[in-house]
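Descriptive structure summary
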Amino acid sequence: MHSGKAFRLSVTISVVALIALMTGLLTPGYAQVKPGDFITPESATKVKDLVAPGVYYKVERGMTMKITPTERIDWPPPYKDATEKYSAQVRLTSDHRSLLGYVAGQPFPLIDANDHDVGVRSSGTTCFARSPATTMISGSMIAIRSIRRGVRRPLRPSTSKSATTPATTWWDGPKSNRCRPTRISRSTGRLWIFGLYPVLAPQELHGIGFIRWRYADAKKGDDTWSLNAGSRRIRRVDESILSSAVTSGTAAFSWDPDHYSGFNAKTEEYDYKFVGEKNMLGSMHASHSPEVRCPTDGGASACPENWEMRHLYVLDATPRPGHINAIDSRSLIYLDSEMWFEPYIDTYDRAGKLFRSHIYWLAYRDRPVPDARVAIYPFKRGFVVAAVSTDVQSGQATMCYLPGIETPEKECWYINMGAVDKSFFTTDAMVRAANM
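Overview of the structure. (Residues numbered from 1 in each chain as written. Predicted model: local features only at pLDDT ≥ 70, side-chain atom pairs only at ≥ 80, totals over all residues. Heavy atoms only, no water.)

1. Describing the overall build of the protein
This is how the line gets drawn: Segments assigned H or I by DSSP are reported as helices when at least four residues long, segments assigned E as strands when at least two residues long, and all are numbered from the N terminus. Only protein chains enter the area calculation, which uses a 1.4 Å probe; residues under 20% of their type maximum are buried, those over 50% are exposed, and those in between are partly exposed. When checking whether two residues touch, look at their non-hydrogen atoms; a contact exists if any pair is within 4.5 Å. To measure how exposed things are, a 1.4 Å probe is used in the Shrake-Rupley method; for residues, cover is taken only from the protein chains shown.
Scanning the protein for helices and strands turns up five helices and 19 strands. Across the 436 residues in the protein, those meeting the buried criterion constitute 64%. Residue pairs in contact within the protein that sit at least 24 positions apart in sequence constitute 65% of those at least 6 positions apart. Here the protein displays about 17,600 Å² of accessible surface, and carbon together with sulfur accounts for 54% of that area.

2. Focus: the nonpolar core
In plain terms, the rule: As used in this record, nonpolar core signifies buried Ala, Val, Leu, Ile, Met, Phe, Trp, Tyr and Cys residues forming a set joined through side-chain atoms within 4.5 Å.
Within the largest apolar cluster, 49 residues are counted, with the highest numbers of intra-cluster contacts made by Phe263, Tyr270, Met339, Tyr360 and Leu362. Of all elements in the fold, only α4 (118-129), β12 (270-282), β13 (305-319), β14 (330-336), β16 (354-365), β17 (381-391) and β19 (413-415) reach the threshold of two or more residues within this core. For Tyr270, the contacting residues outside a window of four places in its chain are Arg97, Asp258, Phe263, Ala265, Ala317, Thr318, Pro319, Arg320, Ile324 and Ala326. Core analysis: the second largest hydrophobic core is formed by 42 residues, Val33, Ile147, Tyr334 and Ala363 among them.

3. Remarks on the pattern of salt bridges
Pairing is possible between side chains that carry opposite charge, provided their charged atoms lie close to one another. Inclusion rule: By salt bridge we mean one thing: a side-chain nitrogen of Lys or Arg within 4 Å of a carboxyl oxygen of Asp or Glu.
Counted by the stated rule, this structure contains 14 salt bridges. For Arg356, the salt bridge is made with Asp256, and the minimal N-O distance between the two is 3.2 Å. Residue Arg356 is found in strand β16, and its partner Asp256 is found in the loop between β11 (234-236) and β12; the two are separated by 100 residues along the sequence. Taking the relative accessible area as the measure of exposure, Arg356 reaches 3% and is therefore buried. With relative accessibility at 0%, the residue Asp256 sits in the buried group. For Arg310, the salt bridge identified is with Asp336, shortest N-O distance 2.7 Å. One end of the pair, Arg310, is in strand β13; the other, Asp336, is in strand β14, and 26 residues separate them in sequence. The same class applies to Arg310 and to Asp336, which are both buried. Within the structure, one salt-bridge network assembled from shared partners comprises Arg212, Arg214, Asp222 and Asp258.

4. Focus: the state of the cysteines
Heads up, the rule is: Disulfide: a pair of cysteine sulfur atoms within 2.5 Å of each other.
Inspection of every chain in the model, using the stated rule, returns one disulfide. Each sulfur in the disulfide pair Cys294 and Cys303 lies 2.0 Å from the other. Its S-S torsion of about 45° marks the bond between Cys294 and Cys303 as right-handed, since a negative value means left-handed. Comparing Cys294 with Cys303, the two get one shared label, buried.

Listed below in structure tokens is the structure:
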């Protein structure tokens, strides 16, 4: 992707500097670690100013880090070409909340920190351009496992689940692609559609599922449906609870749909402030796939794993009053300046206290697993190989392995390979899958 030098922001301290200082964004200290260092809970203070508070919480409680040299991440050539061809015509809508003129590539490759709308431009870029050269992403046999830490008790397994095709996103519209010109489906007005079903285990959750439709119209909220395990009934899901883990139909998991793959909330329903930029640690070149359970925190993270210094942009996203009644008061989004994906996101409750930490481990290569035979691509791309959502207030952590450790299917991510069609993203298909 683009080089840090060519696209580096010049930070201006403003009214948001207080937030930056509170979260350690402007605190120097990145020279405290170097490639070859191994970070443990005993040495956690070395990375306190180099990670989000939620990541530091994990390190203090057993997650280890192997500090490795920073590696460059390049955009695929077609994506670069599309950015050069189309980015000049992209602009913000009159209300400065959405995009006009977007066709393909990176909508705003040059971001000015002094721009009043820098937060909106950054958020719009993550929404439209986080999946270069992607029409459809289909996951296979992803495993999810929850761990809970009791008061003065060690971590212990809570429950687990897996699914055959649990994380499938289709960019709607004919020939939709992040490198080639994209057209919104005229018949539906949808931007993308997402399906997560059927859950296979444990038995008490067998068959539950989730479908979400995102529309291009900034004023039209998402349509979402879930299938409950016990009643086998479809229910419409209110947008306000998409930031809550209860959307999954069980309290056994910490993940909420707005953070399944980074910050997935409807872009126009949030206000954004550009907090700043800083060199911080991120896991963008993970060495394991399938990922490993961390032996030093009871499996509540992936470790030991590679972490390198990355140049991150930080956004503060707050729900717009009257537009969305989210459970979180705000989200701090840490955005990689080359990958344009979030290595981590922290959310805060309505009292302003840290609520949930979301961490994503990525691998940058031309295949999701080293021994892939089918899912092999003509250029390197980012694959999320593991993720964890941790409720820091209850101690519950839910790890997601992509692919699952014990599952027979290891290639996991099939991108633009026709693994499913649009009929997959219907409630009828979700019900049929639950009854199989």
